[in-house]
Amino acid sequence: MGDEPEGGKEGEKKIVHVYPLVKHSDMNEEMRTEAIELTIMACEKYSSNYEHAAKVIKETMDKKFGIYWHVVVGEGFGFEVSYETQNILYLFFAGNLAIVLWKCS
Amino acid sequence: MAQKAGKGDGKSGKGKRSSKTKGGEGGGGGGDADDYEAWMRSRQLLKPDDQLDLTEAELGEEVTKVLTPTNTNIIRNLVVYSFKEGEFVLAPTPGNTVTLISFAGNSLHVDSEEARRQIEESEEIGYPLPMPNYTVVEQREVEPGDGEEGEGEDEDDGGGKSQKDDAGEEEEVEEEDDEEGKGTEGDEGEGEGEQHRDDEETAGGARAVAVPSKKRKLINQFNYCERAALTTTNPKRNVDTQTIPPPRSQYGANVLQWVIYDSYLENFAEQQKDGGKKDEKKRGMRAKKFRDKSAIAEQLNKKYLKCWQILERMINQNIYDDIAHDYRYWEDPADEFRDGEGNLLPLWKFQYDKTKKMNVTDILFNPTYYDLFAVCFGSHDFMKQTNEGYLCLFTVKNPSFPDYIIQTDSGVMCCDIHHTYPFLAVIGLYDGNVAVYNLREDCKEPLYVSKGVNCKHAECVWQIRWGPDMPDGEVNFFSVSSDGRVFNWILMQNKLWVTSIITLYRDNGIVDGPDGTKVSLKSGGSCMQFHPVDPKIFLVGTECGYIYKCSTSFSSKYLMTYNAHNMSVYRIDFNRFNSNIFVSCGGDWRVKVWEDMRADPLFIFDLGAAVGDVKWAPYSSTVFAAVTTEGKVHVFDLNVNKYKAICVQAVVPKRKNKLTRLAFNEKLAFIVVGDEKGVTTSLKLSPNLRMMVKPPKKQLYLDQTTLQISKLEKLLSLVRELPEGAVIHDAATTVKS
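Residues numbered from 1 in each chain as written. Chains lettered and ligands numbered in written order. Predicted model: local features only at pLDDT ≥ 70, side-chain atom pairs only at ≥ 80, totals over all residues.

Turning our attention to the overall build of chain B. Each helix and strand counted, chain B has twelve helices and 34 strands in total. Considering only residue pairs separated by 6 or more positions, chain B has 50% of its internal contacts joining residues 24 or more positions apart. (Helix = DSSP H or I, 4+ residues; strand = E, 2+ residues; numbered from the N terminus. Contact = placed C-beta atoms within 7 Å.)

This is the structure:
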């Protein structure tokens, strides 16, 4: 948040990108596509309530890819997780959101 | 004591018995037991060990006992602690009833229905029931005794009995049951003495052993034999596997707004960088896919094309059925009556839509396929040059459409088809380029094409000829152009190699250049023909009217110079039977027949118009044909008429059209002529135009070739003998049109 003034300095130069940017993922192609789509859908639908969005994502992922998914939606946080290999997705979306999904049972 | 009680009346006995139970409970009365025994006189008496031995006096003493219905031994003020109330409270007093033993028996009475049935059944079965336990047998023995007890009781009711009575009764029992009777009698007789009793009992037991055969034991809970079998128990084993847990990984990161922002910027920059590349890749992929598809489609199309070609030919054959018949079989009957003269029968016309307004610049039959001929389309008019040219290969089997079409950027002026490789066609273009096409493959792209300014003719290529293969097998061809050069082109691995054979300098053509240098004038070549026997020798006709005899071996000198025509020499053709004889035609309306190394022509014919082409017939040594711009075909047979043509026939309208080129079919008697409107007409030669030599009667064995040669020789000798210039020299016979 401390960087916001810096963004302000750039002023007109600054372009806010809102497309989903996958920062880290070892999912297979099919799962990743679906997870990204789901994330976008949930975050757009519940843009004011991250908790709700995370809940929706988690529940849907549980249904589709087996239980014990964990989802974090937020603007600022740190995490260090252990997950079942090939089951993590860490992406940015809407310019200010970070979403982490991982599976660990 | 028991006996005493027995002496008392029945009522008291009864009362005693009930008191006895109470006494038993109280732990007191040994006497009570005796009292009980009173009923069981038949039975052996058992004395408790601790029984008091009383004297007779004591025994005689009267003991008064009061019987009450209440239980004296009962504890009246029994208390239990109540936790609820925090004090001891009275427990409810137990009732007066005391249960000593409760025993639900499965014993059967021997006389009962059940027992009887069982006996019957076991008899029916016919085998002895299992041997009962001896003790059990004894117990069973007691039971019938019980039954007797009832009897005894009845007798008691009868008014009490002495011991004798009892004995008597015993006898009765004896009658009923020997065994039992004896047992009890023995007991009675011997009186007391435990030792004896024991003996008796064993004796009784021994007897009982013998009984079963006589009397069956009944089945009840005591009479059974347990037989058990135990199966082996399989040992239990534990088999288990454990799956490998799914692999896990660790990942961690910190999410901050600036991290997100930076990531986006970085990614965006990368995307823009890769954008172009990706597009290219995609395009490449698409093109590749398209190419694959089109390759398959092309193969399929080739198959279809072949089918359609056959179909097209069949349809054409049907349409032009009458022409086809004429072409093969029609012989003009009028020829017999026309002395030496013949005519031409028009057959098919070949044309192609795209070349309708172009000139036929060359016609050539394929050396291998007699029905296939190549027609070049371009323009002879300097002012009306088209920016496209065609080489079409027609077959007489399909007059409606060419079999092969080659399109070029410039007018095609000449072509040649290789003798050994009939699919190799070389063409010379108006712009001075040459190109080699492979007809078996794509007709769209040339196999070889001349490139660059130095590797081409400076002006229009007028004639092109395949040469004999080089010593090391390379295919090559020669071309002649208006720029005065003859080039030799060699088909290398992947390019055309060009060498200059000769430059056609004029003999007296050295003039002063603008800056004082001498410039030797060149004469533009207009046609070329190779000697049929010696492939090194060739003739070049020039636009100045000269014919140069040259050799490919050296380029500096002409072997011979013929001052042939007053205008451009259009075509030269060697005689098929005598290679020393050739014919030339030119723009000065004349056709001249020459002999090698003779400066003057043997024959001169004036055709009244510029002669576009002249050709010797392949079938006769004295027949040649020429086409004029008047649209007429002239056919000469020198053997028939040395002065004029034996056939002059207009093929195209005089003013509108001109004939340009001509070709004889090598096998069949017809010619094709091309005109300025892009139409190629095929004409059948009537019988008079292809007269064969009749062998003399003495020399029937001679073949036609020999005869033709001798015919020409005969004719030549006539001409040669003529005084020079007397008849022929420059006095051309004008043919009436």
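Additional details are given in the paragraphs that follow.
Let us now look at the overall build of chain A. In terms of regular secondary structure, chain A is built from three helices and five strands. The linear arrangement of helices and strands in chain A, starting from the amino end, is α-β-α-α-β-β-β-β. Residues counted as buried form 27% of the 105 residues belonging to chain A. Pairs at least 24 residues apart make up 56% of the contacts formed inside chain A by residues separated by at least 6 positions. (Buried ≥ 20, exposed ≤ 12 C-beta atoms within 10 Å, placed from the backbone.)

Right, let's talk about the sheet that holds strand β13 (residues 461–466) of chain B for a bit. All names here are of chain B. Reading across the sheet, the four strands line up as β13-β14-β15-β16 and stay open at both edges, with antiparallel pairing between neighbours. Strands with a single pairing partner mark the edges of an open sheet, and in this sheet they are β13 and β16 (496–503). Pairwise comparison of adjacent strand axes, ignoring direction, gives a mean angle of 25° for this sheet. As paired elements, strand β14 (residues 476–481) and strand β15 (residues 485–491) share five bridges and run antiparallel to each other. (Pairing = 2+ DSSP bridges. Axes fitted to C-alpha atoms, helices over the stretch in contact; angles between N-to-C directions.)

A separate point is the pairing of strand β11 (residues 434–438) of chain B. Where a strand is regular, its side chains alternate between the two sheet faces. Residue and element names in this part refer to chain B. A large share of β11 lies buried, amounting to four of its five residues. Pairing analysis gives five bridges linking strand β10 (residues 424–429) to β11, with the strands arranged antiparallel. What sits directly across from G428, in β11, is V434. The hairpin turn running from β10 into β11, its antiparallel successor, is four residues long, and G432 in that turn takes a positive phi close to 95°.

This next bit is on unusual backbone geometry. Both trends apply: most residues other than glycine have a negative phi, and most peptide bonds are in trans. Residue A94 of chain A is not a glycine yet carries a positive backbone phi of 60°. The residue A94 of chain A is located in the loop between β4 (88–93) and β5 (97–103) in this model. One non-glycine residue, W589 of chain B, lies in positive phi territory at about 70°. Tracing the chain through its elements places W589 of chain B in the loop between β24 (581–586) and β25 (590–595).

Bringing the interface of chain A and chain B into the picture now. Taken together, the contact pairs 25 residues of chain A with 19 residues of chain B. Those elements that place two or more of their residues in the side of chain A that touches chain B are β1 (21–25), β3 (77–84) and β4 of chain A. With eight residues, β3 of chain A is the single largest residue contributor to the side of chain A that touches chain B. Looking at side-chain class alone, the side of chain A that touches chain B contains ten nonpolar, ten polar and five charged residues. Summarising the sheet, β3 of chain A and strand β3 (residues 248–255) of chain B pair through eight bridges and their orientation is antiparallel. (Nonpolar A, V, L, I, M, F, W, Y, C, P; charged D, E, K, R; others polar.)

All names here are of chain A. Here helix α2 (residues 29–45) spans 24 Å end to end across 17 residues, near enough to the 24 Å set by a 1.5 Å rise per residue. Buried within α2 we find A35, T39, A42 and C43. Within α2, the buried residues cover an arc of 90° as seen down the axis, which keeps them to one side. Opposite the buried face of α2, by more than 90 degrees, sit the exposed residues E29, E30, T33, E37, E44 and K45. (Expected span 1.5 Å × (residues − 1). Arc of directions from axis to C-beta.)

Here the focus is the nonpolar core. One finds C376, C415 and I427 of chain B to be the most contacted residues of the largest nonpolar core, which totals 117 residues. Top contributing element to this core by residue count: strand β6 (residues 372–378) of chain B, with six residues. Dropping the residues within four chain positions of it, C376 of chain B is found in contact with V360, T361, D362, L391, V412, M413, C414, C415 and I427 of chain B. In terms of nonpolar packing, the next biggest core, distinct from the first, is built from 28 residues, A35, M61, Y90 and L97 of chain A among them. (Core = buried A, V, L, I, M, F, W, Y, C linked by C-beta atoms within 7 Å.)

In the numbering used here, UniProt assigns the "repeat: WD" (unreviewed entry) feature to residues 562–595 of chain B. Counted over residues 562–595 of chain B, helix gives 0% and strand 59%. Its end C-alpha atoms are 10 Å apart. (UniProt positions renumbered as here; feature names shortened; annotations may be inferred.)

Next up on the list: the packing of α2 of chain A against helix α3 (residues 50–65) of chain A. All names here are of chain A. Put simply, α2 and α3 touch, their axes get as near as 9 Å, and they point 150° apart. Classified by the interaxial angle, the pair formed by α2 and α3 is roughly antiparallel. Remark: the crossing between α2 and α3 carries right-handed chirality. Each of M31, E34, A35, L38, T39, A42 and C43 in α2 lies in contact with α3, whose residues at this interface are A53, V56, I57, T60, M61, K64 and F65. (Parallel < 35°, antiparallel > 145°, perpendicular 65-115°, else oblique. Left-handed = near helix turned anticlockwise from the far one by under 90°.)

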